Amino acid sequence: MSTTAPVSHPKLTLLALALGTFAIGTGEFGSNGIIQLFASDLGVTIPVATYAITAYAFGVVLGSPAIILLAARANRRTLLIGLIVLFLVGNTLSALAPNITLLVVFRFVAGSVQGAFFGAGAVVAAYVYGPGKGGKAFAAVMGGLTVATIAGSPLGTLIGQNAGWRVMYVTVVAVGLLAGAALVAWLPRTDELRGTSIANELRALRRRNVWLMVAVAALGISSIFAVYTFIGPFVTDAARRDAWLIPLALAVFGLGMAVGNHLGGRVADRHENRGLFWGYGGVLVLLALIGVAGSDLAVLLPCLFGVGATMMYAIPTIQVRLTSFAPDAPTLMGALNLAALNLANSLGAIGGAVTLDAGWGTLSTVWAGFALTAVGLLLYVGTIARSGPTPVPPLLPNEATRPHRRQRIPT
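Notes on the structure in this doc start here. (Residues numbered from 1 in each chain as written. Predicted model: local features only at pLDDT ≥ 70, side-chain atom pairs only at ≥ 80, totals over all residues. Heavy atoms only, no water.)

## Details of the overall build of the protein chain
A count of helical and extended segments in the protein chain gives 16 helices and zero strands. Computed over its C-alpha atoms, the radius of gyration of the protein chain comes to 20 Å, within 12% of the 22 Å expected for a compact globule of 411 residues. Along the first, second and third principal axes, the C-alpha atoms of the protein chain reach 65 × 50 × 35 Å. Across the protein chain, every contact between residues at least 6 apart in sequence was considered, and the portion connecting residues at least 24 apart equals 84%. Element-wise, carbon and sulfur atoms account for 68% of the exposed surface of the protein chain, whose accessible area totals about 15,900 Å². Put simply, the protein chain has 25 plus and 13 minus side-chain charges, and the middle of one group is 11 Å from the middle of the other. (Helix = DSSP H or I, 4+ residues; strand = E, 2+ residues; numbered from the N terminus. Rg over C-alpha atoms; globule rule 2.2 N^0.38 Å. Contact = heavy atoms within 4.5 Å. Areas by Shrake-Rupley, 256 points an atom, 1.4 Å probe, with all protein chains shown as cover. Lys, Arg positive; Asp, Glu negative; His and termini not counted. Charge placed at Lys NZ, Arg CZ, Asp CG, Glu CD.)

## Comments concerning the packing of aromatic side chains
As enumerated under the stated definition, the model contains six aromatic pairs in all. Here the aromatic cluster, defined as three or more aromatic residues joined through ring pairs, consists of F38, W165 and Y169. (Phe/Tyr/Trp six-rings, centres within 6.5 Å; stacked < 30°, edge-to-face > 60°.)

## Side note on helix 3 (residues 46-70)
For helix 3, spanning 25 residues, the distance from its first C-alpha to its last is 35 Å, which sits close to the expected 36 Å at 1.5 Å a residue. In the structure, helix 3 departs most strongly from a straight axis at G63, where the bend amounts to approximately 35 degrees and where the proline P65 lies between one and four residues downstream. Regarding helix 3, the residues found buried are A49, A52, A55, Y56, A57, G59, V60, G63, S64, P65, I67 and I68. The elements touched by buried residues of helix 3 are helix 1 (10-32), helix 2 (35-42), helix 4 (76-96), helix 5 (100-129), helix 8 (198-204) and helix 15 (330-357). (Expected span 1.5 Å × (residues − 1). Bend = angle between axes of the 7 residues up to and from the residue. Buried < 20%, exposed > 50% of the residue type's maximum accessible area, 1.4 Å probe, protein only.)

## Observations regarding unusual backbone geometry
For R240, which is not glycine, the phi dihedral falls at a positive 55 degrees. When you line up the elements, R240 lands in the loop between helix 11 (231-238) and helix 12 (245-270). By relative accessible area, R240 is classed as exposed at 70%.

## Quick word on the side chain of S31
If you trace the backbone, S31 turns up in helix 1. Residue class for S31 comes out buried when judged on its relative accessible area of 3%. A distance of 2.7 Å separates a polar side-chain atom of S31 from the backbone oxygen of G27. Apart from residues no more than four positions distant in its own chain, S31 is found in contact with T26, F38, I53, R107, M168 and Y169. (Polar contact = N/O pair within 3.5 Å; in protein donor to acceptor, adjacent residues only side chain to side chain.)

## Quick notes on the nonpolar core
Counting 117 residues, the largest nonpolar core has L17, F38, M213, I221, V227, F253 and Y280 as its most contacted members. When residues of this core are assigned to their parent elements, the largest contribution, 17 residues, is made by helix 5. Excluding its chain neighbours within four sequence positions, the residues that come into contact with F38 are S31, A49, A52, I100, L103 and W165. (Core = buried A, V, L, I, M, F, W, Y, C linked by side-chain atoms within 4.5 Å.)

## Re the side chain of S94
One can find S94 in helix 4. When residues no more than four places from it in sequence are discounted, the contact partners of S94 are L103, F106, R107, W165, R166 and Y169.

## Looking at the pattern of salt bridges
In this structure the tally under the stated criterion is two salt bridges. D41 is the partner of R166 in a salt bridge, and the nearest nitrogen-oxygen pair spans 3.5 Å. Here R166, found in helix 7 (residues 165-186), pairs with D41, found in helix 2; they are 125 residues apart in sequence, far enough to count as distant. The class of D41 is partly exposed, set by a relative accessible area of 46%. (Salt bridge = Lys/Arg side-chain N within 4 Å of Asp/Glu carboxyl O.)

## Concerning the packing of helix 11 against helix 12
Where helix 11 contacts helix 12, the axes come no closer than 9 Å and their chain directions differ by 130 degrees. One finds that helix 11 runs oblique with respect to helix 12. In this structure, helix 11 crosses over helix 12, and the sense of that crossing is right-handed. Where helix 11 approaches helix 12, its residues I231, G232, V235 and T236 are matched on the opposing element by L245, I246, A249, L250 and F253. (Axes fitted to C-alpha atoms, helices over the stretch in contact; angles between N-to-C directions. Parallel < 35°, antiparallel > 145°, perpendicular 65-115°, else oblique. Left-handed = near helix turned anticlockwise from the far one by under 90°.)

## Here we look at a nonpolar patch on the surface
Together, V85, V89, L93 and L96 line one region of the surface with nonpolar side chains, adding up to about 330 Å² of accessible area. You can see V85 is positioned in helix 4. (Patch = residues over 30% accessible without salt bridge, like charges linked within 9 Å, V, L, I, M, F, W, Y side chains within 5 Å.)

## Describing the packing of helix 13 (residues 274-293) against helix 16 (residues 365-382)
Relative orientation of the contacting elements helix 13 and helix 16 amounts to 160 degrees, with a least axis distance of 9 Å. Classified by the interaxial angle, the pair formed by helix 13 and helix 16 is roughly antiparallel. Between helix 13 and helix 16 lies a crossing of left-handed hand. Contacts between helix 13 and helix 16 involve L276, F277, Y280, G281, V283, L284, L287, A288, I290, G291 and V292 from the first element and V366, W367, G369, F370, T373, A374, G376, L377, Y380 and V381 from the second. Its residues assigned to classes, the contact of helix 13 with helix 16 shows 16 nonpolar, five polar and no charged. (Nonpolar A, V, L, I, M, F, W, Y, C, P; charged D, E, K, R; others polar.)

## Structural notes on the environment of L15
You can see L15 is positioned in helix 1. Measuring from C-alpha to C-alpha, the distance between L15 and L183 comes to 9.0 Å, with 168 residues separating the pair along the chain.

## Structural notes on the environment of V61
Counting through the fold element by element, V61 comes out in helix 3. The exposure class of V61 is partly exposed, given its relative accessible area of 23%. Sequence-distant contacts of V61, that is, excluding residues within four places in its chain, are made with A339, N342 and L343.

The structure is reproduced here in structure tokens:
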């Protein structure tokens, strides 16, 4: 017999989820800032050290969907607590890694948590918000990640530079412990958050629109990384300003992400396509501005804010559309969304590197992002958008058979 319980502290539940994604984001982005440190300490070159960063991305792309399939029937509360434990293990072992080979393995373990956590977290947040608020729910979970780009990553890098790269991972573990305690205390205990069968999850992977949406996300969001990855050179080489301005530029970009995420969650629940059209279309204009006039800091900084905002504006819509194509597998759809973002990370960075190697100049990376996002937008317009509206999906599997829930968070 199903047991239900009201959400006693909805805002605290969302805070616990955001703390979890903040810890995860700090571990991910903070690693980028300490590559030189662990490369030197472990006696490897920087190109070899980047294998640890790549392994994390592979963990998100491959590990998270595998975890969700293996834990398909698990209650989402149980799954989230288990994931934060795995996160603590991966980062603790990263802090203790004696060589680059084991560090690569441990970063894969830590990365395998990310997509699964965001997917399960979105389901719990949707339970808290109630019907028709899937976009806001996903934005709430993503909120911790945007804060990590503003504060967690710079602070983690600073700790690594002053106390050692291992201490940075120990700090991430400390934040993860706090998040774990919050999850145990504030996640609702209810059978309504139970999982579904593996067959349901696998059925979702056979749907054409799911994979089209993943491709749209991976291509379109890549422009955010064709910019974010190269912010340092933009400031020092293109704008010819001192390196101390780089953290400011990163913070401006992160603030844009936070604003766009908040607004994007709202529009995703009201309009089927607008978030993606405005997000992708807006970033194309901003990328062109950076490409033409980004050597002027007065142009570059507002455009960095805008790129972060417009891309994050689109991401909740991507999640809502993915879930609409597979309403019986919302956790897996959240994981696929994060997997697509990590593919976008690789595409954006690789595209930017290609333009730089071709000798087209520091700001040329934005044109790689422009091309990728344009292809993503055209793919969406030519396939998914023209297929017409999709029904509003249930927030949880078998929603229609479950009793009405109480004490939603105010909207």
